[in-house]
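Below are the chains, spelled out letter by letter.
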Amino acid sequence: MGSTGTGKSSFIQLLTNNTSVKIGNNLDSLTSEVQVFRLLDHTSGHNIVVVDTPGFDDSRSDITDTAILKKITEFLLNQYDEQRKLNGLIYFHRVSDPRFGGQASRNVKMFRNLCGTNAYRNIVVLTTFWDRVSMEEGLMREEQLKSTFFGDIVTGGARFMRHDRSSQLSALQVIAHILMLAPTNLQIQEEIRIENRILEDTSAGLVLREEVERVLEKHRQELASLGKEIDTMKQSNESLKKELEEEREELQQHLA
Ligand SMILES: Nc1nc2c(ncn2[C@@H]2O[C@H](COP(=O)(O)OP(=O)(O)OP(=O)(O)O)[C@@H](O)[C@H]2O)c(=O)[nH]1
Ligand SMILES: [Mg+2]
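All figures in this text were calculated on a predicted structure; none of them were measured in a lab. (Residues numbered from 1 in each chain as written. Chains lettered and ligands numbered in written order. Predicted model: local features only at pLDDT ≥ 70, side-chain atom pairs only at ≥ 80, totals over all residues. Heavy atoms only, no water.)

Colleague: Tell me about helix α3 (residues 102-115), and name the residues and values.
Modeller: For α3, spanning 14 residues, the distance from its first C-alpha to its last is 20 Å, which sits close to the expected 20 Å at 1.5 Å a residue. When we look at burial in α3, the residues that qualify are A104, N107, V108, M110, F111, L114 and C115. Down the axis of α3, the buried set is contained in an arc of 155°. They therefore lie on one face. Those residues of α3 that are buried are in contact with α2 (65-81), β3 (89-94), β4 (123-128), α5 (151-155), α7 (187-193) and α8 (203-232). Phi for G116, located one or two positions after α3, is positive at around 80°. (Helix = DSSP H or I, 4+ residues; strand = E, 2+ residues; numbered from the N terminus. Expected span 1.5 Å × (residues − 1). Buried < 20%, exposed > 50% of the residue type's maximum accessible area, 1.4 Å probe, protein only. Arc of directions from axis to C-beta. Contact = heavy atoms within 4.5 Å.)

Structure representation (structure tokens):
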């Protein structure tokens, strides 16, 4: 898992040598489905299933975060029903990102709430894009990430690892670490299957609901101030008034 463009699909392609793995080459996010890839790990002899997921901050307009959460949950419930646990979760983050913005925080928040604290020890936070920073800069950011944004995950037992996209061994090392972990269920699986919650009432679902509420509130406020502006406008300013009314119309549609 991880934000769009952090190198999830590239990692899977490198690991599996599977050229059907689609890798993005522009600013648009690419992966929109949960996709499963298989590989045989020659070192351990294990058959491994690697799962690619879309990030929650997708820049596309055709898929919402809610739809993404549904797809991921559907996959996880299928696994749960087949009594299959997860060995590990890899969370991708670009070490080259100078800031940890709103989108990145929201993505991590969703991830945390999907997993639940019991699964933190099964997490690898994998930093990518080391070729885009100096070693010094990268190490400084890594420390920052460990102590702030991923602090609780690290305290809960997650491991930070670095990925070099030019080396398949780098990807295999992540797998080797994950194979040593005790398989686990995720919080969202247990919330739905054991506590009988509906998706909207799971911890991850609630994060999305809060997000929707926040956007709605912002729109409502904008609408209110736009209304005031239109009311106080002089008759003479017909064209501007028309423009504002169109804006209001648009906002109302968005709100609906
Ligand atoms: N410089 C550099 N580029 C990378 C690295 N990893 C991936 N890329 C490039 O970044 C772009 C996005 O990579 P993807 O693997 O498609 O990213 P993704 O996480 O699957 O993105 P979504 O499918 O949109 O969620 C591609 O052009 C990759 O070639 C890296 O470590 N360094
Ligand atoms: Mg992808």
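Colleague: Account for the packing of α8 against helix α9 (residues 238-255), with residues named and values stated.
Modeller: Helix-helix packing is characterised by the crossing angle of the two axes and by the distance between the axes. α9 packs onto α8 with a crossing angle of 155° between their chain directions and a minimal axis gap of 10 Å. Taken as axis vectors, α8 and α9 run roughly antiparallel relative to one another. Remark: the crossing between α8 and α9 carries left-handed chirality. Here α8 contributes L216, H219, R220, E222, L223, L226, G227, E229 and I230 to the contact with α9, which in turn contributes K241, L244, E245, E247, R248, L251, Q252, H254 and L255. Tallied by class, residues from the contact of α8 with α9 come to seven nonpolar, four polar and seven charged. (Axes fitted to C-alpha atoms, helices over the stretch in contact; angles between N-to-C directions. Parallel < 35°, antiparallel > 145°, perpendicular 65-115°, else oblique. Left-handed = near helix turned anticlockwise from the far one by under 90°. Nonpolar A, V, L, I, M, F, W, Y, C, P; charged D, E, K, R; others polar.)

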